[in-house]
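These are the residues of each chain, in order.
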Amino acid sequence: MNTKAERRQLQIHVLRYNPQDPDSPPRMQTYEIEEADNMTLFMVLTDIGEHQDASLQFDFVCRAGICGSCSMLINGRPGLACRTLTKNLGEKITLAPLPTFELIADLSVNTGKWMRAMSERLETWCHNGDVVDLNKLEPRMEPELAEQIYELERCIECGCCIAACGTAQMKEKFTGAVGLNKIARFRLDPRDHRSDADYYEFIGDDDGIFGCMSLLGCNDLCPKDLPLQTQIAFLRRKMLLTGLKGNSSG
Amino acid sequence: MKIVYTDVLVIGGGLAGLRAAIAAKRRGHDVHILSLVPPKRSHSVAAQGGMQASIANSIKAAGDNEDLHFHDTVRGSDWGADQNVVRMFVNTSPKAVRQLAAWGVPWNRVRKGEREVFIGGKSAMLTESEAAHGLITVRDFGGTQKWRTCFVSDGTGHSMLYTVSDQVIANSIPVTERVEAMSLIHDGQRCYGAIVRNLVTGELSAWVARATCMATGGFGRIYRVSTNAVINQGMGAAIALETGVATLANMEAIQFHPTAIFPAGILVTEGCRGDGGLLLDAQRHRFMPDYEAEKKELASRDVVSRRMEQHIASGAGVNTRYGDHLWLDITMLGEAHIDKNLREVREICQYFLGIDPVSDLIPVRPAQHYSMGGIRTRPSGESTNLKGLFACGEASCWDMHGFNRLGGNSVAETVVAGMIVGEYIADFCQGTDSDIDISTAQIADFMKREQQAIDSLLASQGTESAPDIMREMQTLMTDQVGIFRSHEQLQEAVEQLQLLRERSKDIGLSYKSPAVNPELVTAYRVPRMLKLALCVAYGALQRTESRGAHYREDYPKRNDRDWLRRTLATWPSSEQSLPNLAYEELDVMSMELPPGWRGYGEKDFIEHPHAASRLAEIERIKQNMPDADRHEIQSALMTYEELLPARYRGRNQRLRDVSE
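The text that follows walks through the structure, step by step, so that each part is easy to find. (Residues numbered from 1 in each chain as written. Chains lettered and ligands numbered in written order. Predicted model: local features only at pLDDT ≥ 70, side-chain atom pairs only at ≥ 80, totals over all residues. Heavy atoms only, no water.)

Bringing the overall build of chain B into the picture now. Within chain B one finds 19 helices and 24 strands. A buried classification covers 67% of the 660 residues belonging to chain B. A fraction of 73% describes how many contacts in chain B between residues 6 or more apart in sequence connect residues 24 or more apart. Carbon and sulfur atoms make up 48% of the accessible area of chain B, which totals about 20900 Å². (Helix = DSSP H or I, 4+ residues; strand = E, 2+ residues; numbered from the N terminus. Buried < 20%, exposed > 50% of the residue type's maximum accessible area, 1.4 Å probe, protein only. Contact = heavy atoms within 4.5 Å. Areas by Shrake-Rupley, 256 points an atom, 1.4 Å probe, with all protein chains shown as cover.)

What follows is the structure in structure tokens.
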């Protein structure tokens, strides 16, 4: 462990702008802080907020990498601040809010609003009429299938894939990897009775699967390592087939 | 003045609130949810290991049923729980699991044939039946007679929260995010909603409702070392307390989870031990069997946490510059199992500790984890003192956990209580009792009071720093009101908290914006958190016995003779420096399971004078019905069914019922 003398002085450059405050123009502001052992950006920002600048805005909830609240641009790359250790970064660290989402202030963005709109648009729930007798034995499912569904359900809606997406920067309504992954998840689930033709209605256009330019920033930067590249490629093939079928029969 | 009218106002967007909202909405009521954060970011998401329900599909759950779940939960509670509520809960929990399955939760399933498991660190082979293949499986958790914890890898809370949150969207229930309830609108008898602050714009509005449901979670952040999310500051319980009417119960009953990673305090699931992981000391010695011959690492959480601290105090911990810790060893489980069933644990270890639990030991030490206490309610979820105010989940003291809750019973409580309380809210809204007869002038008074409080904080020339007071409170609670408690420490804590409360009246702000302003938020929350902390510390000081998670070194025995009672705290006037405490007796003569030894932990306790006669009476009742089945015997001992909404009274089918 470092002794006090050896500890680094970190320079934290933050892109600041609070639309609620007329005295807060967009600007870069620098804070200095002494590094501590196993210091995370959660610890850094909390310390700055409590001791240097009470006006600095940021979002943390679980501080354990599972709730998806604290995504931001860390040295230009989207990531979860709470589980980013400063020892893996240089002495100069630049923080900025996630692009694409509505800015609340400084490092805080409104991912919640974006995600709810996406869920409403894609209807991200099992469509099955919900007529089960709760007293009766549950319907069976293959253990492997349950595991495969969970594999895709691990998305934490942090928004990193959207911030890393070229299409999302240009097209406001683009579903993005988060939405496409959800369709892939429900498509896998026999409890959702929607067919490919139904899913095509949700994502069979340029705001959906055909808007993806395959730059795959989403796949590279997903904090949960979701298999976004394979899911998007698979979904694109399925939707293409569905679209062709629809055209030939219609 | 902005006033919003709705039938049901749900405050809190975690599992309990969301599930209650769905219940009320499906009954045709207008429902609106308010949340500090987007609902999918709520702390429910952090429940890793699973949800207890006696569905009994796996070979290791064979023979499990509501009776065993009931007995385990009551023993776990150290007889502090309301046994009627426990019965309501255990009968509904399998239904909740099955409903969540229908809604899309990908519960892990039974795979037929042989599989290797680890029990107490040793390999064993299990053979699952063909008949059970594809049904929902379970893992082992502490304090249970059978394997009973349904799970989705170690992201159970995540899957449940996402599924239920998406059901809220499917039911078109609006959620207003980034708002905070500042006070309840009430007239001393009836609650009419809340004054709400928009955390982005700072704007206040009044939300007026027939029924108000508090589902704001726990208050772990009054402690410095806690597994809780940073938003778990207990504001729902605090503003209920500030009505001066609603009561908070058993606030001294605080759970410490055995395995928080050291020193960050982030949780790693009880599933680590349930799946076969062991606790080791500095000498790599497995010490739990020395203390708990029967349940070892899988005694209840209060017992394991206490034994760990006891072992550390004996000098057997690993010394570091941040203090001492012990080791959690899951290396024997192997990479495939860890990747499949404990992957969040692996990620947390990799990111926060830089170690890999496949090959490395995990440094752990107990940390504050759960508040058994909260807003005291009837079995319907309605406040015992304030009509129209309901509470469910961790924010409430419904009271199914008593003085210690079992792992897997809290995430289960969120949905089960949501289902049940949601029905009662719907019933309430259908009656004329819920008519809204408060004038806009009265509402304006509540609004004015909150606006003035904020204005005076912003204008304050005070010299105290809100974050400093917060930190001092948290340190005090962790150091003095922790796992081991004594009169001197608690007395000192109460005095110090009172001083902090005095100082909090002189808080000044360095940033004076009325809109988005975290310092302002801390400034108005700290005095409320101090009230909660005083309820905890003062309640603990007064309770001169040890029960569940409340352990007094100077009164080490459970004392049923004098303390088989629930603590009730009220705070009628903000001028008071301490809460009023009153006590509610638990009636031994109506208990289905009268107090006895839990089967783990300390064997010595002071008996209740009626315990023996109730036990004899139970034996008599049972002997008089030799041909009765377990349901008939249960009803003869304690009637609870009429407390359950009719739709949840049905008997739960199990595999053995089908195959017979």
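Bringing the interface of chain B and chain A into the picture now. Listed as interface residues are 87 residues of chain B and, on the opposing side, 75 residues of chain A. With both chains or domains summed, chain B and chain A bury close to 6400 Å², and 50% of this area falls on carbon and sulfur atoms. At the junction of chain B with chain A, the criterion picks out 14 salt bridges. Put simply, chain B and chain A have 46 residue pairs in polar contact (both at pLDDT 80 or more) between them. Every element with two or more residues in the side of chain B that touches chain A is listed here: α3 (83-103), α4 (156-170), β8 (175-177), α10 (343-353), α13 (466-480), α15 (518-542) and α19 (655-659) of chain B. The biggest single contributor to the side of chain B that touches chain A is α4(B), with nine residues. Of the residues that constitute the side of chain B that touches chain A, the class distribution is 43 nonpolar, 23 polar and 21 charged. (Buried area = accessible area lost by both parts, 1.4 Å probe. Salt bridge = Lys/Arg side-chain N within 4 Å of Asp/Glu carboxyl O. Polar contact = N/O pair within 3.5 Å; in protein donor to acceptor, adjacent residues only side chain to side chain. Nonpolar A, V, L, I, M, F, W, Y, C, P; charged D, E, K, R; others polar.)

So, on to the sheet that holds strand β5 (residues 92-96) of chain A. All names here are of chain A. Reading across from one edge, β2-β1-β5-β3-β4 is the order of the five strands in this open sheet, with mixed pairing throughout. Edge positions in the open sheet fall to β2 (27-34) and β4 (77-80), since each of these has one partner strand only. Pairwise comparison of adjacent strand axes, ignoring direction, gives a mean angle of 35° for this sheet. Taken together, the eight bridges between strand β1 (residues 9-16) and β2 define a ladder with antiparallel strand orientation. (Pairing = 2+ DSSP bridges. Axes fitted to C-alpha atoms, helices over the stretch in contact; angles between N-to-C directions.)

Attention now goes to a nonpolar patch on the surface. A grouping of A:Met170, A:Met213 and A:Leu215 is seen on the molecular surface, where their side chains present a nonpolar patch of about 340 Å² in accessible area. For A:Met213, a relative accessible area of 39% gives the class partly exposed. (Patch = residues over 30% accessible without salt bridge, like charges linked within 9 Å, V, L, I, M, F, W, Y side chains within 5 Å.)

Before going further, it helps to spend a moment on the layout of surface pockets. A water-sized probe rolled over the atoms picks out the places where empty space is left. Residues and elements named next belong to chain B. Roughly 950 Å³ of volume is contained in the second largest pocket. Forming the walls of the second largest pocket are 31 residues, and the residues nearest its centre are Glu-242, Ala-453, Arg-528, Lys-531 and Ser-574. Of all the secondary structure elements, the ones that give two or more residues to the lining of the second largest pocket are β9 (179-186), α12 (440-459), α14 (487-504) and α15. Of the residues in the lining of the second largest pocket, the class split is 13 nonpolar, nine polar and nine charged. (1 Å grid on protein atoms, 1.4 Å probe; cavity = no way out; pocket = protein on both sides within 12 Å on 5 of 7 lines; lining within 4 Å. Points joined across faces, edges and corners; volume = space filled by probe spheres on them.)

Along the chain, A:Arg63 turns up in the loop between α1 (41-51) and β3 (71-74). Within the structure, A:Arg63 has its side chain in polar contact with the backbone oxygen of B:Ser226 (distance 2.6 Å). Leaving out residues up to four positions away in the same chain, A:Arg63 has contacts with A:Phe42, A:Cys82, B:Arg221, B:Ser226, B:Thr227, B:Asn228, B:Val230, B:Ala264, B:Gly265, B:Ile266 and B:Phe352.

Before going further, it helps to spend a moment on the nonpolar core. Counting residues in each nonpolar core, the largest one holds 142 residues, and the members touching the most others are A:Ile12, B:Met51, B:Trp107 and B:Ile362. Of the residues forming this core, the biggest block, twelve residues, is contributed by helix α11 (residues 410-430) of chain B. Contact partners of A:Ile12, with chain neighbours within four places excluded, come to A:Gln29, A:Thr30, A:Tyr31, A:Ile33, A:Val44, A:Ile48, A:Ile93 and A:Leu95. Within the second largest apolar cluster, 79 residues are counted, among which are B:Ala181, B:Leu241, B:Phe446 and B:Val526. (Core = buried A, V, L, I, M, F, W, Y, C linked by side-chain atoms within 4.5 Å.)

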